[in-house]
Amino acid sequence: MVRCYKALSNPAPSCYNLHKVKTHVRRLRSGNGGSSSCAGDQHPQLESPGLAGSARGTPNRRTRFRLQFPQLALRRRLGQLSCMSRPALKLRSWPLTILYYLLPFGALKPLTRVGWRPVSRVALYKSVPTRLLSRAWGRLNQVELPTWLRKPVYSLYIWTFGVNMKEAAVEDLHHYRNLSEFFRRKLKPQARPVCCVHSVISPSDGKILNFGQVKNCEVEQVKGVTYSLESFLGPRVSTEELHFSQAPPGNSFQQQLVTKEGNELYHCVIYLAPGDYHCFHSPTDWRVSHRRHFPGSLMSVNPGVARWIKELFCHNERVVLTGDWKHGFFSLTAVGATNVGSIRIYFDQDLHTNSPSYSKGSYNDFSFISNNNKEGIPMRKGEHLGEFNLGSTIVLIFEAPKDFKFHLKAGQKIRFGEALGSL
């Protein structure tokens, strides 16, 4: 049997850009292999550069047509029938993308050599229906557990997240009828003494992710990852509600929030883990005059994810409480997270979070100042303010004099009632 390798001469231009695809010819003819000499007189012999000097010897003319590398067929099977040479057209296959990231040893990495590109991890994570999953988790939390099942379930949760039940007002696990009641358990009065010396205390248990001055209208959610102050708080609330002096036109959003000369704007981010105490309290003596609710995604606010997704807090659902304290502007924002679609503010009965009726990208305002209430909602330091379900994040943004000092370290654990900073 004699083999002949014939390369295509002057191939027609193709939009598929097959990168020097070689076509080899092999035709099977009847007869024995010894009668192939006559075939050599009919077809000229051409050497393939890829097989020159092969141990098989000089190839002859008995050939067949075959495609050396099945790029075209593979691309068609993946669903891309358009021109492969256009970089803007990339195949986005969600099942393949999930397998690409899950399978070990880069099993699907060869697909990237034929034009396929996986969807980015961020885009893949954002496509998860976190709002729907959080609503389903909320329904599951409301299901009453049988008495015999409560202790095993809660004990597993306590062991997983390191919950200290000695601080709970009710230590008996059989007392909590469902997971929601267990998450929102109250503490003993002496478990969290409130610091009376410092002007600002921690509103909740948690971990300090970041703190410091607000610079260039940007706030750090974690070290090195920032988000826009205006995108996070939304447009400035009217001066009539906050009793602020009107800022000169043309000032930045950050300068508009600073009401007193010589003051600066500060921020502090506290992450509540699933095992932490889930209620939050007033961090100082202040007056709440306005509430703004941003429906949005419910992605995880774990520090690892916060480093991964820029402006994560601006994408997630959140409730912004704004008002003023003795030094000027003050705000507390409760940021929702996966399985934490329920954010409750005790004095705001009209607030309903993670509702299907809301649309992303919008916000809903509510003023606590009315004709009958000119002062808004006064809050005392340490007073109960609201609660989460499972865990989330608290963001404080407030105005204070330049000599305000934080008594914190990034990454430290903190408990409700401990000092954040003072003058």
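Here the structure is a predicted model, which means the values were calculated and not measured. (Residues numbered from 1 in each chain as written. Predicted model: local features only at pLDDT ≥ 70, side-chain atom pairs only at ≥ 80, totals over all residues. Heavy atoms only, no water.)

Overview of the overall build of the protein
Logical step 1: Secondary structure summary: the protein contains twelve helices and 19 strands in total.
Logical step 2: Buried positions account for 47% of the 423 residues belonging to the protein.
Logical step 3: The long-range share in the protein, meaning contacts at least 24 apart out of those at least 6 apart in sequence, stands at 76%.
Logical step 4: Total accessible area on the protein is roughly 22,600 Å²; 54% of this is exposed by carbon and sulfur atoms. (Helix = DSSP H or I, 4+ residues; strand = E, 2+ residues; numbered from the N terminus. Buried < 20%, exposed > 50% of the residue type's maximum accessible area, 1.4 Å probe, protein only. Contact = heavy atoms within 4.5 Å. Areas by Shrake-Rupley, 256 points an atom, 1.4 Å probe, with all protein chains shown as cover.)

Focus on the packing of aromatic side chains
Logical step 1: The tally for this structure, following the rule as stated, stands at 24 aromatic pairs.
Logical step 2: The interplanar angle of 90 degrees and the centroid separation of 5.2 Å between the aromatic rings of Phe404 and Phe406 together place this pair among those described as edge-to-face. In terms of burial, Phe404 and Phe406 fall into one category: buried.
Logical step 3: Geometry around Phe182 places Arg185 over its ring, the cationic atom sitting 5.0 Å from the centre.
Logical step 4: Sitting over the ring of Phe294, Arg318 keeps its end group 4.0 Å from the ring centre. (Phe/Tyr/Trp six-rings, centres within 6.5 Å; stacked < 30°, edge-to-face > 60°. Lys NZ or Arg CZ within 6 Å of the ring centre and 35° of its normal.)

A closer look at the sheet that holds strand 15 (residues 384-387)
Logical step 1: Spatial strand order, 8-15-12: three strands in an open sheet with antiparallel pairing. Strands at the two margins of the open sheet, each flanked by one partner only, are strand 8 (279-281) and strand 12 (344-345).
Logical step 2: In terms of strand pairing, strand 8 meets strand 15 through three bridges, oriented antiparallel. Bridge pairing links His281 to His384 in strand 15. (Pairing = 2+ DSSP bridges.)

Some details on the pairing of strand 7 (residues 263-271)
Logical step 1: Among the nine residues in strand 7, eight count as buried, and that is most of the element.
Logical step 2: For strand 4 (residues 206-213) and strand 7, the ladder comprises six bridges, and the chain directions are antiparallel. Among the inter-strand pairings, Lys207 is bridged to a residue of strand 7, identified as Tyr271.
Logical step 3: Two elements, strand 7 and strand 16 (residues 393-401), share nine bridges in a ladder whose sense is antiparallel. Counterpart to Leu265 in the pairing with strand 16 is Glu399.

Observations regarding the side chain of Glu167
Logical step 1: Relative to the assigned elements, Glu167 resides in the loop between helix 6 (147-161) and helix 7 (179-183).
Logical step 2: In terms of polar contacts, Glu167 uses its side chain to reach the side chain of Arg415, at 2.8 Å. (Polar contact = N/O pair within 3.5 Å; in protein donor to acceptor, adjacent residues only side chain to side chain.)

Structural notes on the environment of Pro295
Logical step 1: Relative to the helices and strands, Pro295 resides in the loop between strand 9 (286-294) and helix 11 (303-308).
Logical step 2: Residue classification places Pro295 among the buried residues on the basis of a relative accessible area of 6%.

As for the sheet that holds strand 19 (residues 419-422)
Logical step 1: Taken in spatial order, the three strands of this open sheet run 3-19-17, and their pairing is antiparallel. The sheet is open, and its two edges are formed by strand 3 (200-201) and strand 17 (405-406), each paired on a single side.
Logical step 2: Bridge count between strand 17 and strand 19: two bridges; the pairing is antiparallel. Counted as the bridge partner of Phe406 is Gly421 from strand 19.

Some remarks on the pattern of salt bridges
Logical step 1: Under the defined criterion, the tally for this structure stands at 16 salt bridges.
Logical step 2: For Asp285, the salt bridge goes to Arg380, with nearest N and O atoms at 3.5 Å. Taken together, the positions of Asp285 in the loop between strand 8 and strand 9 and Arg380 in the loop between strand 14 (377-379) and strand 15 put the pair 95 residues apart, joining distant regions of the chain.
Logical step 3: Taking the relative accessible area as the measure of exposure, Asp285 reaches 39% and is therefore partly exposed.
Logical step 4: On the basis of relative accessibility, which here comes to 58%, the residue Arg380 falls in the exposed class.
Logical step 5: Here Glu387 and Arg344 are joined by a salt bridge, their closest N and O atoms 3.5 Å apart. With Glu387 in strand 15 and Arg344 in strand 12, the pair connects residues that are 43 residues apart, well separated along the chain. (Salt bridge = Lys/Arg side-chain N within 4 Å of Asp/Glu carboxyl O.)

Observations concerning the confidence of the model for the protein
Logical step 1: When pLDDT is averaged along the protein, the result is 76, and 71% of the positions lie at 70 or above.
Logical step 2: Overall, residues 80-92 carries pLDDT values under 50, and its contacts beyond four positions in sequence, including any with other chains, amount to 23 contacts. (pLDDT = per-residue confidence, 0-100.)

Focus: helix 6
Logical step 1: With 15 residues, helix 6 extends 22 Å between its outermost C-alpha atoms, agreeing within 8% with the 21 Å of an ideal straight helix rising 1.5 Å per residue.
Logical step 2: At its buried positions, helix 6 is contacted by helix 7.
Logical step 3: Looking one or two residues past helix 6, Gly162 carries a phi angle of roughly 65 degrees, positive in sign. (Expected span 1.5 Å × (residues − 1).)

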